[in-house]
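Chain residues, written in single-letter form:
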Amino acid sequence: MTDTLTMDRRSLLKASGALVFTLAGGGLDILALSPALAEMPQARPIAPTDLDTWIAVSTDGEVTAFFGKMDMGQGVDTAIAQVVAEELDVDVSRVSVVMGDTARTPNQGGASGSSGCRLGANPLRHAAAEARRVFVERAAQALDRPAQALSVQNGVVFVTAEPKTRISYGEMIAQGFDTALDWNEQYGNGLMVSGEAQPKSPLDYAVVGAPVARKDIPGKILATMEYCHHVTLPGMLHGRSVRPPVANAVPVRVDETSISHIPDARVVRKGDYVAVVADDEWNAIRAAKDLKVAWSETQPPFPGHEALHDHIRKAQKVGDNSVANFGKYVPYEPGPVLEAISASAKRLEAEYELPFQSHARMAPSVGLADVTGDTATIWSDTQKSHNQRDGLAKILGLKPENVRVIWKPGPGSYGRSDADEAAFEAAILSQETGRPVRVQWMRHEGHGWDPKAPAAVISCKAGLDEKGKLTGWYYRARGFSGWEVMFNASEPRDTLIGQLTGWERGKAQNYGVPGESYDFPNAVKFWETIAPLQDRASPLRCAHMRAPQEPQLHFASESFIDEVAAAAGADPIEFRLQYLTDPREIAVLEEVRRLSGWETRPSPALRKAGRLTGRGVSLNSGFGAYVATVCEVEVDEETGRVWPRKFHVAHDCGVVINPKSLRTTIEGNVVQGMSRTLFEEVRFDETAVTSIDWLGYPILDVMDAPEAIEISTINRVEEPAGGAGEPAHVTIPAAIANALFDATGVRFRRLPLTPERVKAGLV
Amino acid sequence: MATIRMTIDGEDRTVEAADPDMPLLYALRGELGLKGPKFGCGLSQCGACTVIVEGVATRSCVTPVFAVEGMAVRTLDGLARDGRPHPVQAAFIAEEAAQCGYCTNGWIMTTVAGLEENPNRSEADIRQMLTGLKCRCGTHMAILRAVRRAADEMAG
């Protein structure tokens, strides 16, 4: 591609003021494929107080909702369309949802904490209700009738007593709504607006609560949907990053002649970041492979994964607290609890070991950037485009208002994955080369260099009196901070290339404690964090991964409750019910007992001849939802294979918006949870991560999928929508481990429950 | 520059490859602009890049483009005919058997090749047919329902 062509493209952009780019090969104009983009290509001011920011209606009555979050594959956009359709009284098929484009959507905090429906739907619910009110008011004038005499059906306002006297939304939209909303002056998850109109009572819902077909599904199945990976820009370069063989080594010398045999390939360096760029993608891949780099000699940074948990036990504490993720510091005092436990008739102690885990997305990070002087446009499948825009502005030295991030769908992302990384690298490479750049990470980077779920050792102690009643409960989680990399990319220091180009890593500390309502006497729960193994640009830097730290925390807490129940000779569900106080937690536990046909008895089961089977229970509440899960396992003594044959899930997330996608979302929670419980562990030696592909880091295969997942959803119409993307996931590790104990009489306290580990434990 | 001819979804196509060892995936995604086959691992470990070459489900990320010279390649992009989804696609849509959908190409193309060869499959056969494909979102239950539905439909 020549500079002339690049100039032509830029003049075109300047001339039209529109976003125009083409798809590779076919020469298809994206505008022809994407009505949403075609309709409103201009960047426009985004003000939460302006109703037109949230909802647009075309003259033919099609509705577009602008949503400052995005869907990771659970159908959130369809749920949002349902909420908008409900309040506006239009058919849901006429509502499309634009997600996560910083030039077109308000900053609602992105995909975060199962908040798509829980929080993200609220401003749009109120905006849509207000839009309906404005239309009825305009219709009252146009039809010369009082508003009370009017009804609305599918975007048409008519006189209730004479339905032929009517006017449609499209005939009344004119230049928009021109209507102000009240705003709570917050951005992010808490952004809230309201107008004069009151949203409908949930008792009147017709569209919310219906199993509306997901809007994204046909495009995914028919290969018509455009993922971030499909975006191409005229004249773009393909970039590939070059990683050190020893994790903490930095480049000393780069031999550019080592890739001179590859046409158009060249090296770009900035700070300690090394990349190659080429016009042709395959050439960029070859160049990254062939490039010879002399790396610095360093002290190997890691203890190796077999020594990991000893390191965690012995390392100096750098942070602590007794509350979960976002709470302020609350002091705690373990002394009296330990005294109460040591004075008890029966004392129990257990330690649970959790590995580092990789997001290991289906495709590693991808991003495109076009940096032209003082403006930049970025295409990314980030979970949080507005935060990413702020971070990109900082690393590029541009004003945030001159940076636009266009979110495009990607492979599912479940937390602070590698999604932001390639966008930042593409931005730097575009700024350095003056060309648009597409960066695609390779598989070894996706596993080897993504942010990791933090490893931990969780210590539990408890005491029982002669009657099997708890006398004390001690819970200490100790691990790497889940905020070594923060949960969004608003600071360059929270990206790999940021740290490689001189931004010092952050020092925020967080792990967490379980939050269920057990009213244990003499209870203390707290967490401690330790320093990262490598101070800068580490492949083991830790961050949020689906239900941040909660699966780890609940593996320990919900396993230990079972251990105590077993020591007390009590049934695991009965034992929990003695101490629970929250009626919704009690309700899901009782519902799962009914659903699974639970046999009330202590664990373990009496061992029978033949295949070992058992059942286990686990509870979680959080993100506005309540979940209890029962797992039935089969254990093969010969091989050590644990197969969760069946799950029963009782799930209460308040009012249900779409029962069909709620069920598939819960299934996804369960199956990914199985994968993390049974198979997933980042392996590393003293120098680097060694589990850098799907063989080294296996995830669940279809041969291990359960036979059935039975789900009972409790639809609490009177309660606000809670989250569904994470709560069920949290219950899975302990449900499996408790079932494994029930089947074998052996307690396994280290994840994952690999066949080797289980076989060794059964001997 | 090597010129390689093949049939893609029933049409004669030509690919220009500077390096004949370049995997087929890069020709399909890059030069031909197809959206179905996707890059997931480049190691033949996940299946996101699967296409059907002469009736056989094939991982295009490790298949050199020269190796399919003169052969018939089918992709997800060309599976629907005259605006009608393939029965396997129809089943995946009915069961909403995708979350992020990035891996879906592999599951559908592997299923199409397997069921067109023999749609009479037990549950165990179906799992055996699909083993090795990766899905990170954990959509396996809906996928198994969709493949069961497609098999029943195709078996008639």
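Everything numeric in this text was worked out from a predicted model, so none of it was measured.

**Regarding the overall build of chain A**
Okay, so step 1: Assigned secondary structure in chain A consists of 21 helices and 28 strands.
Okay, so step 2: A globule of 763 residues ought to have a C-alpha radius of gyration of about 27 Å, and chain A, at 28 Å, matches this closely.
Okay, so step 3: Each of the 763 residues in chain A was classed as buried or not, and the buried ones make up 56%.

**Points about the overall build of chain B**
Okay, so step 1: A tally of helices and strands in chain B yields 5 helices and 5 strands.
Okay, so step 2: Expected size for 156 residues packed as a compact globule is a radius of gyration near 15 Å; at 15 Å, chain B falls within 12% of this value.
Okay, so step 3: Structurally, chain B occupies a C-alpha span of about 45 × 30 × 25 Å along its principal axes.
Okay, so step 4: For chain B, buried positions account for 58% of its 156 residues.

**Let's talk about the sheet that holds strand 3 (residues 95–99) of chain A**
Residues and elements named next belong to chain A.
Okay, so step 1: Overall, mixed pairing links the 3 strands, which are arranged 1-2-3 in an open sheet. Taken across any chain shown, the strands that pair with only one partner, and hence form the sheet edges, are strand 1 (55–57) and strand 3. Within this sheet the neighbouring strands show an average axis-to-axis angle of 20 degrees, counted without direction.
Okay, so step 2: For strand 1 and strand 2 (residues 63–67), the ladder comprises 3 bridges, and the chain directions are antiparallel. By the bridge assignment, I55 is partnered in strand 2 with A65.
Okay, so step 3: Contacts from helix 5 (residues 76–88) reach strand 2 and strand 3 within the one sheet, and its direction differs from that of strand 3 by about 130 degrees.

**Structural notes on the nonpolar core**
Residue and element names in this part refer to chain A.
Okay, so step 1: By size, the foremost hydrophobic cluster in this structure holds 268 residues, and its most contacted members are A65, I80, V84, A427 and I736.
Okay, so step 2: The element best represented in this core is helix 20 (residues 727–744), accounting for 10 residues.
Okay, so step 3: Beyond its immediate stretch of four places on either side in the chain, I80 contacts A65, F67, V97, A121 and L124.

**Examining the confidence of the model for chain B**
Okay, so step 1: When pLDDT is averaged along chain B, the result is 97; 100% of the residues meet or exceed 70.
Okay, so step 2: In the predicted complex, the global pTM is 0.95; the interface-specific ipTM is 0.98.

**Comments concerning helix 5 (residues 140–155) of chain B**
Okay, so step 1: Taking 1.5 Å as the rise per residue, helix 5 of chain B with 16 residues should run 22 Å; its terminal C-alpha atoms sit 22 Å apart, in good agreement.
Okay, so step 2: Buried residues of helix 5 of chain B: B:H140, B:M141, B:A142, B:I143, B:L144, B:A146, B:V147, B:A150 and B:A151, and no others.
Okay, so step 3: Against helix 19 (659–678) and strand 28 (708–713) of chain A together with helix 2 (87–94), helix 3 (104–117) and helix 4 (123–130) of chain B lie the buried residues of helix 5 of chain B.
Okay, so step 4: Just beyond helix 5 of chain B, the residue with positive phi is B:G156, at close to 80 degrees.

**Here we look at the interface of chain B and chain A**
Okay, so step 1: Taken residue by residue, the interface counts 50 residues in chain B and 47 residues in chain A.
Okay, so step 2: Contributing elements (two or more residues each) for the side of chain B that touches chain A: helix 1 (24–31), helix 2, helix 3, helix 4 and helix 5 of chain B.
Okay, so step 3: Per-element tally for the side of chain B that touches chain A: the top contributor is helix 5 of chain B, with 4 residues.
Okay, so step 4: By residue class, the composition of the side of chain B that touches chain A is 25 nonpolar, 16 polar and 9 charged.

**Describing the packing of helix 17 (residues 572–579) of chain A against helix 18 (residues 583–596) of chain A**
All names here are of chain A.
Okay, so step 1: Two elements in contact, helix 17 and helix 18, have axes whose closest approach is 11 Å; the angle formed by their N-to-C orientations is 165 degrees. The angle between helix 17 and helix 18 falls in the class roughly antiparallel. The handedness of the crossing between helix 17 and helix 18 is left-handed. Two secondary-structure elements touch here, helix 17 through I573, R576 and L577 and helix 18 through I586, L589 and R593.
Okay, so step 2: Its residues placed into classes, the contact of helix 17 with helix 18 shows 4 nonpolar, no polar and 2 charged.

**A word on the domain arrangement of chain A**
Residue and element names in this part refer to chain A.
Okay, so step 1: The assigned domain composition of chain A is domain 1 (43–221), domain 2 (231–298 + 365–441), domain 3 (305–359 + 451–530) and domain 4 (560–762).
Okay, so step 2: Using only C-alpha atoms to locate each centre, domain 3 and domain 4 end up separated by 21 Å.
Okay, so step 3: In this assembly, 24 residues from domain 3 lie in contact with 26 residues from domain 4.
Okay, so step 4: Among the elements of the structure, strand 15 (346–354), strand 16 (357–358) and strand 22 (456–464) are those that each provide at least two residues to the side of domain 3 that touches domain 4.
Okay, so step 5: With 7 residues, the top contributor of residues to the side of domain 3 that touches domain 4 is strand 15.
Okay, so step 6: Among the residues making up the side of domain 3 that touches domain 4, the classes are represented as 12 nonpolar, 6 polar and 6 charged.

**Considerations on the domain arrangement of chain B**
Residues and elements named next belong to chain B.
Okay, so step 1: Here chain B is partitioned into domain 1 (2–78) and domain 2 (87–155).
Okay, so step 2: Centre-to-centre, using C-alpha coordinates, domain 1 lies 21 Å away from domain 2.
Okay, so step 3: Each side of the interface is counted separately: domain 1 has 13 residues, and domain 2 has 12 residues.
Okay, so step 4: Among the elements of the structure, strand 3 (50–53) and strand 4 (56–59) are those that each provide at least two residues to the side of domain 1 that touches domain 2.
Okay, so step 5: Here the side of domain 1 that touches domain 2 takes 3 residues from strand 3, the largest share from any one element.
Okay, so step 6: Counted by class, the side of domain 1 that touches domain 2 contains 8 nonpolar, 4 polar and 1 charged residues.

**Looking at the pairing of strand 24 (residues 523–530) of chain A**
Remember that side chains alternate between the two faces of the sheet whenever the strand is regular.
Residue and element names in this part refer to chain A.
Okay, so step 1: The buried fraction of strand 24 amounts to 7 of the 8 residues, a majority that puts the element mostly inside the structure.
Okay, so step 2: Pairing geometry for strand 14 (residues 317–321) and strand 24, over 4 bridges, is antiparallel. Note on strand 24: the bridge partner recorded for G319 is T529.
Okay, so step 3: Of the strand pairs in this sheet, strand 23 (residues 470–480) and strand 24 are connected by 8 bridges, and their pairing is parallel. Bridge pairing in strand 24 places W473 opposite A523.

**Considerations on unusual backbone geometry**
Okay, so step 1: Here A:S603 and A:P604 are connected by a cis peptide whose omega angle stands at 0 degrees.
Okay, so step 2: Counting through the fold element by element, A:P604 comes out in the loop between helix 18 and strand 25 (612–622).
Okay, so step 3: In this structure, the amide linkage connecting A:L751 to the following residue, A:P752, adopts the cis form with an omega of -5 degrees.
Okay, so step 4: Looking at the secondary structure, you find A:P752 in the loop between helix 20 and helix 21 (755–762).
Okay, so step 5: At A:D178, a residue that is not glycine, the phi angle is positive and equals roughly 50 degrees.
Okay, so step 6: Looking at the secondary structure, you find A:D178 in the loop between helix 7 (169–172) and strand 7 (182–183).
Okay, so step 7: With a phi close to 60 degrees, B:S44 is a non-glycine residue in the positive phi region.
Okay, so step 8: If you trace the backbone, B:S44 turns up in the loop between helix 1 and strand 3.
Okay, so step 9: Overall, the presence of 18 C-beta atoms within 10 Å leaves B:S44 in the partly exposed class.

**Quick word on the environment of A:L124**
All names here are of chain A.
Okay, so step 1: By the element assignment, L124 lies in helix 6 (residues 121–143).
Okay, so step 2: Here the alpha-carbon distance between L124 and A111, two residues 13 residues apart in the chain, equals 16 Å.
Okay, so step 3: The contacts of L124, once residues within four sequence positions are left out, are W54, A65, F67, I80, V83 and V84.

Conventions we followed
As a convention, each chain's residues are numbered from 1 in the sequence order in which they are written. Chains carry letters and ligands carry numbers; both start at the beginning, A for chains and 1 for ligands, and go up in the order they are written. Restriction of local features to residues with pLDDT of at least 70 applies here, the model being predicted, together with a cutoff of 80 or more for giving and counting side-chain atom pairs; totals for whole chains, interfaces and linings are based on all residues. Think of it this way: any DSSP run of H or I at least four residues long counts as a helix, any run of E at least two long counts as a strand, and we number them from the N terminus. Only the C-alpha atoms count toward the radius of gyration. The rule for a globule is 2.2 Å times the residue count to the power 0.38. Whether a residue is buried, exposed or partly exposed follows from its count of other C-beta atoms within 10 Å of its own C-beta, namely 20 or more, 12 or fewer, or something in between, respectively; the C-beta atoms are built from the backbone. Note on pairing: DSSP must find at least two bridges between two strands before they are called paired. Interaxial angles span 0 to 180 degrees and are taken between N-to-C directions of axes, which are lines fitted to C-alpha atoms, for helices over the stretch in contact. Distance between backbone-placed C-beta atoms decides contact: two residues are in contact if it is within 7 Å. A set of buried Ala, Val, Leu, Ile, Met, Phe, Trp, Tyr and Cys residues, joined through C-beta atoms within 7 Å, is what we mean by a nonpolar core. A residue's pLDDT is simply how confident the predictor is in it, with values from 0 to 100. The length a helix should cover is 1.5 Å for every residue beyond the first. Three categories are distinguished: nonpolar for Ala, Val, Leu, Ile, Met, Phe, Trp, Tyr, Cys and Pro, charged for Asp, Glu, Lys and Arg, and polar for the others, with Gly belonging to the last. Note on angle classes: values under 35 degrees are labelled roughly parallel, values over 145 roughly antiparallel, values of 65 to 115 roughly perpendicular, and the remainder oblique. Crossings are classed by handedness, with left-handed meaning an anticlockwise turn of the near helix from the far one by less than a right angle and right-handed meaning a clockwise turn. These domain boundaries are the output of an automatic or database domain assignment.

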